[in-house]
Amino acid sequence: MGLLDILLGRSRPVAPDLDQLFALPSAAVTLQAAAGFIPTGTGAVCFATVEGAAFAEAHRDVRALLDADTDHGGPPVEVSRDEYGYSWLVSRRAPDDLPALVGDLHAVNSALEDSGFGPQLLCSVAGFKDGESERRLGLVYLYKRGTFYPFAPRADAGRQRDNALELRIKAALADDLRIEQDLSRWFPVWGAPGL
(Lines give C-alpha, C1' and ligand atoms only; values in the text may rest on other atoms or scores of the structure.)
Protein backbone atom coordinates (compact mmCIF):
# COMPACT_ATOMS: atom_id res chain seq x y z
CA MET A 1 0.00 0.00 0.00
CA GLY A 2 1.43 3.37 -0.99
CA LEU A 3 1.28 6.77 0.65
CA LEU A 4 -1.39 7.96 -1.79
CA ASP A 5 -3.60 4.99 -0.84
CA ILE A 6 -3.23 5.88 2.84
CA LEU A 7 -4.07 9.55 2.24
CA LEU A 8 -7.11 8.70 0.14
CA GLY A 9 -8.34 6.09 2.61
CA ARG A 10 -8.04 3.18 0.23
CA SER A 11 -7.14 -0.21 1.52
CA ARG A 12 -6.27 -3.48 -0.10
CA PRO A 13 -8.75 -6.29 0.21
CA VAL A 14 -7.96 -9.03 2.68
CA ALA A 15 -6.29 -11.95 0.96
CA PRO A 16 -8.37 -15.12 1.21
CA ASP A 17 -7.08 -17.64 3.72
CA LEU A 18 -8.56 -20.96 2.64
CA ASP A 19 -6.87 -22.72 5.53
CA GLN A 20 -9.54 -21.14 7.75
CA LEU A 21 -11.87 -23.86 6.42
CA PHE A 22 -9.90 -26.46 8.38
CA ALA A 23 -11.22 -24.89 11.62
CA LEU A 24 -14.74 -26.18 10.84
CA PRO A 25 -14.38 -29.65 12.44
CA SER A 26 -13.36 -28.21 15.82
CA ALA A 27 -16.04 -25.51 15.52
CA ALA A 28 -18.57 -28.31 14.91
CA VAL A 29 -17.76 -29.78 18.31
CA THR A 30 -18.41 -26.41 19.94
CA LEU A 31 -21.57 -25.95 17.88
CA GLN A 32 -22.96 -29.29 19.02
CA ALA A 33 -22.15 -28.62 22.68
CA ALA A 34 -23.47 -25.04 22.67
CA ALA A 35 -26.57 -25.38 20.48
CA GLY A 36 -27.18 -29.04 19.60
CA PHE A 37 -26.40 -28.69 15.89
CA ILE A 38 -24.68 -31.57 14.09
CA PRO A 39 -23.20 -31.74 10.56
CA THR A 40 -25.49 -32.84 7.73
CA GLY A 41 -22.60 -34.05 5.58
CA THR A 42 -23.45 -31.57 2.83
CA GLY A 43 -21.27 -28.67 1.78
CA ALA A 44 -21.07 -26.50 -1.29
CA VAL A 45 -18.96 -23.87 -2.98
CA CYS A 46 -20.76 -21.00 -4.70
CA PHE A 47 -19.20 -19.22 -7.64
CA ALA A 48 -20.18 -16.94 -10.48
CA THR A 49 -20.11 -18.89 -13.71
CA VAL A 50 -17.92 -17.48 -16.44
CA GLU A 51 -18.27 -18.30 -20.11
CA GLY A 52 -15.27 -19.59 -21.96
CA ALA A 53 -13.14 -22.62 -22.53
CA ALA A 54 -10.67 -21.89 -19.71
CA PHE A 55 -13.39 -21.78 -17.06
CA ALA A 56 -15.13 -24.85 -18.48
CA GLU A 57 -11.83 -26.74 -18.30
CA ALA A 58 -11.18 -25.60 -14.71
CA HIS A 59 -14.72 -26.64 -13.79
CA ARG A 60 -14.20 -30.10 -15.34
CA ASP A 61 -10.88 -30.48 -13.51
CA VAL A 62 -12.52 -29.64 -10.17
CA ARG A 63 -15.31 -32.17 -10.75
CA ALA A 64 -12.79 -34.82 -11.80
CA LEU A 65 -10.71 -34.13 -8.69
CA LEU A 66 -13.66 -34.61 -6.36
CA ASP A 67 -15.21 -37.47 -8.30
CA ALA A 68 -11.89 -39.34 -8.26
CA ASP A 69 -12.82 -41.41 -5.23
CA THR A 70 -16.25 -42.54 -6.50
CA ASP A 71 -14.66 -45.86 -7.56
CA HIS A 72 -13.78 -46.40 -3.90
CA GLY A 73 -17.24 -45.70 -2.55
CA GLY A 74 -16.97 -41.93 -2.36
CA PRO A 75 -19.94 -39.78 -3.37
CA PRO A 76 -20.08 -38.07 -6.75
CA VAL A 77 -20.06 -34.31 -6.87
CA GLU A 78 -23.19 -32.47 -8.00
CA VAL A 79 -23.46 -29.15 -9.76
CA SER A 80 -26.54 -26.99 -9.38
CA ARG A 81 -27.55 -23.48 -10.27
CA ASP A 82 -29.65 -21.27 -8.00
CA GLU A 83 -32.40 -18.83 -8.91
CA TYR A 84 -29.89 -15.97 -9.01
CA GLY A 85 -27.72 -17.66 -11.66
CA TYR A 86 -24.86 -18.69 -9.37
CA SER A 87 -23.37 -22.16 -9.59
CA TRP A 88 -22.96 -24.47 -6.61
CA LEU A 89 -20.58 -27.40 -6.59
CA VAL A 90 -22.03 -29.73 -3.95
CA SER A 91 -20.24 -32.45 -2.02
CA ARG A 92 -22.01 -34.99 0.16
CA ARG A 93 -20.19 -37.04 2.78
CA ALA A 94 -21.24 -39.04 5.80
CA PRO A 95 -22.42 -36.62 8.52
CA ASP A 96 -19.64 -37.83 10.82
CA ASP A 97 -16.94 -37.18 8.18
CA LEU A 98 -16.77 -33.39 8.34
CA PRO A 99 -12.97 -33.37 7.80
CA ALA A 100 -13.44 -35.03 4.37
CA LEU A 101 -16.16 -32.53 3.48
CA VAL A 102 -13.90 -29.65 4.49
CA GLY A 103 -11.16 -31.18 2.33
CA ASP A 104 -13.56 -31.18 -0.62
CA LEU A 105 -14.52 -27.53 -0.07
CA HIS A 106 -10.86 -26.54 0.24
CA ALA A 107 -9.95 -28.49 -2.92
CA VAL A 108 -12.67 -26.79 -4.99
CA ASN A 109 -11.70 -23.31 -3.80
CA SER A 110 -7.99 -23.98 -4.30
CA ALA A 111 -8.42 -25.47 -7.77
CA LEU A 112 -10.52 -22.55 -9.01
CA GLU A 113 -8.17 -20.04 -7.39
CA ASP A 114 -5.09 -21.73 -8.90
CA SER A 115 -6.75 -21.64 -12.33
CA GLY A 116 -7.11 -17.86 -12.06
CA PHE A 117 -10.80 -17.81 -11.17
CA GLY A 118 -10.50 -16.62 -7.58
CA PRO A 119 -12.57 -13.49 -8.31
CA GLN A 120 -15.52 -15.72 -9.27
CA LEU A 121 -15.53 -17.51 -5.89
CA LEU A 122 -18.23 -16.20 -3.57
CA CYS A 123 -18.63 -18.44 -0.56
CA SER A 124 -18.56 -21.96 0.82
CA VAL A 125 -21.30 -23.40 3.03
CA ALA A 126 -21.24 -26.33 5.43
CA GLY A 127 -24.69 -27.55 6.51
CA PHE A 128 -25.80 -28.38 10.06
CA LYS A 129 -29.11 -29.45 11.57
CA ASP A 130 -30.54 -29.44 15.04
CA GLY A 131 -30.40 -32.94 16.43
CA GLU A 132 -33.90 -32.61 17.91
CA SER A 133 -35.87 -30.54 15.40
CA GLU A 134 -35.93 -29.55 11.75
CA ARG A 135 -33.91 -26.35 12.22
CA ARG A 136 -31.09 -25.90 9.73
CA LEU A 137 -27.94 -23.83 9.94
CA GLY A 138 -25.20 -23.04 7.48
CA LEU A 139 -21.74 -21.88 8.41
CA VAL A 140 -20.83 -19.63 5.49
CA TYR A 141 -17.22 -18.86 4.59
CA LEU A 142 -16.87 -15.61 2.64
CA TYR A 143 -14.03 -16.22 0.20
CA LYS A 144 -13.09 -12.57 -0.35
CA ARG A 145 -13.19 -11.71 3.38
CA GLY A 146 -11.69 -14.87 4.86
CA THR A 147 -14.42 -14.92 7.52
CA PHE A 148 -17.40 -17.02 8.57
CA TYR A 149 -20.95 -16.21 9.59
CA PRO A 150 -23.95 -18.32 10.55
CA PHE A 151 -27.03 -18.40 8.35
CA ALA A 152 -30.18 -19.80 9.97
CA PRO A 153 -33.28 -19.92 7.76
CA ARG A 154 -36.54 -20.37 9.64
CA ALA A 155 -38.27 -23.56 8.60
CA ASP A 156 -41.72 -22.28 9.57
CA ALA A 157 -41.71 -18.81 8.03
CA GLY A 158 -40.71 -18.90 4.36
CA ARG A 159 -37.76 -16.63 3.61
CA GLN A 160 -37.09 -15.38 7.10
CA ARG A 161 -33.99 -15.79 9.19
CA ASP A 162 -33.65 -16.72 12.83
CA ASN A 163 -31.53 -13.70 13.77
CA ALA A 164 -31.45 -14.58 17.47
CA LEU A 165 -30.01 -18.01 16.68
CA GLU A 166 -27.45 -16.51 14.30
CA LEU A 167 -26.22 -14.12 17.01
CA ARG A 168 -26.12 -16.93 19.57
CA ILE A 169 -24.03 -19.06 17.19
CA LYS A 170 -21.76 -16.07 16.50
CA ALA A 171 -21.03 -15.76 20.21
CA ALA A 172 -20.55 -19.51 20.67
CA LEU A 173 -18.04 -19.83 17.81
CA ALA A 174 -16.07 -16.63 18.45
CA ASP A 175 -13.07 -18.61 19.72
CA ASP A 176 -13.21 -21.28 17.01
CA LEU A 177 -13.72 -19.36 13.75
CA ARG A 178 -12.80 -15.98 12.34
CA ILE A 179 -16.32 -14.51 12.50
CA GLU A 180 -17.37 -11.69 10.16
CA GLN A 181 -18.01 -8.70 12.43
CA ASP A 182 -19.82 -6.60 9.83
CA LEU A 183 -23.38 -7.94 10.06
CA SER A 184 -24.31 -6.24 6.79
CA ARG A 185 -22.08 -8.84 5.09
CA TRP A 186 -24.11 -11.73 6.52
CA PHE A 187 -25.86 -12.29 3.20
CA PRO A 188 -28.75 -14.74 3.02
CA VAL A 189 -27.92 -17.80 0.97
CA TRP A 190 -31.48 -18.87 0.15
CA GLY A 191 -31.58 -22.13 -1.70
CA ALA A 192 -28.04 -23.13 -0.78
CA PRO A 193 -27.65 -26.89 -1.12
CA GLY A 194 -28.01 -28.67 2.21
CA LEU A 195 -30.00 -25.93 3.90
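Residues numbered from 1 in each chain as written. Predicted model: local features only at pLDDT ≥ 70, side-chain atom pairs only at ≥ 80, totals over all residues. Heavy atoms only, no water.

This next bit is on the overall build of the protein. When you go through the protein residue by residue, the secondary structure sums to five helices and six strands. When its helices and strands are written in sequence order, the protein yields α-α-β-α-β-β-α-β-β-β-α. Looking at the protein residue by residue over its 195 residues, the buried ones come to 43%. Sequence-distant contacts in the protein: of pairs separated by 6 or more residues, those separated by 24 or more amount to 64%. (Helix = DSSP H or I, 4+ residues; strand = E, 2+ residues; numbered from the N terminus. Buried < 20%, exposed > 50% of the residue type's maximum accessible area, 1.4 Å probe, protein only. Contact = heavy atoms within 4.5 Å.)

As a further point, take the pattern of salt bridges. For side chains of opposite charge, pairing can occur when their charged atoms come near one another. According to the stated counting rule, one finds eight salt bridges in the structure shown. Put simply, Glu78 and Arg92 hold a salt bridge, and the shortest N to O gap is 2.8 Å. Of this pair, Glu78 sits in strand β2 (residues 78–81) while Arg92 sits in strand β3 (residues 87–92); the two residues are 14 residues apart in sequence, bridging distant segments of the chain. Taking the relative accessible area as the measure of exposure, Glu78 reaches 34% and is therefore partly exposed. Here Asp130 makes a salt bridge to Arg135, at a shortest N to O gap of 2.7 Å. Note on Asp130: relative accessible area 10%, which makes it buried. (Salt bridge = Lys/Arg side-chain N within 4 Å of Asp/Glu carboxyl O.)

Our focus in this paragraph is the packing of aromatic side chains. In total, this model carries three aromatic pairs according to the counting rule given. Taking the centre distance of 5.1 Å and the plane angle of 55° together, the rings of Tyr141 and Phe148 count as tilted. Across the pair, exposure class does not vary: Tyr141 and Phe148 are buried alike. Each ring, one from Phe151 and one from Trp190, has its centre 5.1 Å from the other, and the planes form 75°; the classification is edge-to-face. A residue pair is termed long-range when its members are at least 10 positions apart, and Phe151 in strand β6 (residues 147–151) and Trp190 in the segment after α5 (163–172) qualify at 39 residues. Accessibility assignment for this pair places Phe151 and Trp190 in one class, buried. (Phe/Tyr/Trp six-rings, centres within 6.5 Å; stacked < 30°, edge-to-face > 60°.)

Turning next to the sheet that holds β3. Spatially, the six strands line up as an open sheet ordered β2-β3-β1-β4-β5-β6, and their pairing is antiparallel. Of all the strands in the sheet, the pair left with one neighbour each is β2 and β6. Within the sheet, the average angular offset between the axes of one strand and its neighbour, ignoring direction, is 25°. Sheet topology places β2 next to β3; four bridges connect them, and they run antiparallel. Paired with Arg81 across the two strands is Ser87, which belongs to β3. Contacting β1 (37–47), β4 (121–130), β5 (136–142) and β6, helix α2 (residues 24–35) crosses the sheet at an angle of about 135° to β1. Running over the sheet, helix α4 (residues 98–117) touches β1, β3 and β4 and is turned about 10° from β1. (Pairing = 2+ DSSP bridges. Axes fitted to C-alpha atoms, helices over the stretch in contact; angles between N-to-C directions.)

Here we take up the environment of Ile38. In this fold, Ile38 is placed in strand β1. In this view, Ile38 contacts Gln32, Gly127, Phe128, Lys129 and Gly131; residues no more than four positions away in its chain are not counted.

Taking 1.5 Å per residue, 12 residues should reach 16 Å; α2 reaches 15 Å between its end C-alpha atoms and fits that length. Residues of α2 that are buried: Leu24, Ala27, Ala28, Leu31 and Ala35. Angular distribution of buried residues about the axis of α2 spans 110°; they occupy a single face of the element. Opposite the buried face of α2, by more than 90 degrees, sit the exposed residues Val29 and Ala33. On the buried face of α2, the contacting elements are β1, α4, β4, β5, β6 and α5. (Expected span 1.5 Å × (residues − 1). Arc of directions from axis to C-beta.)

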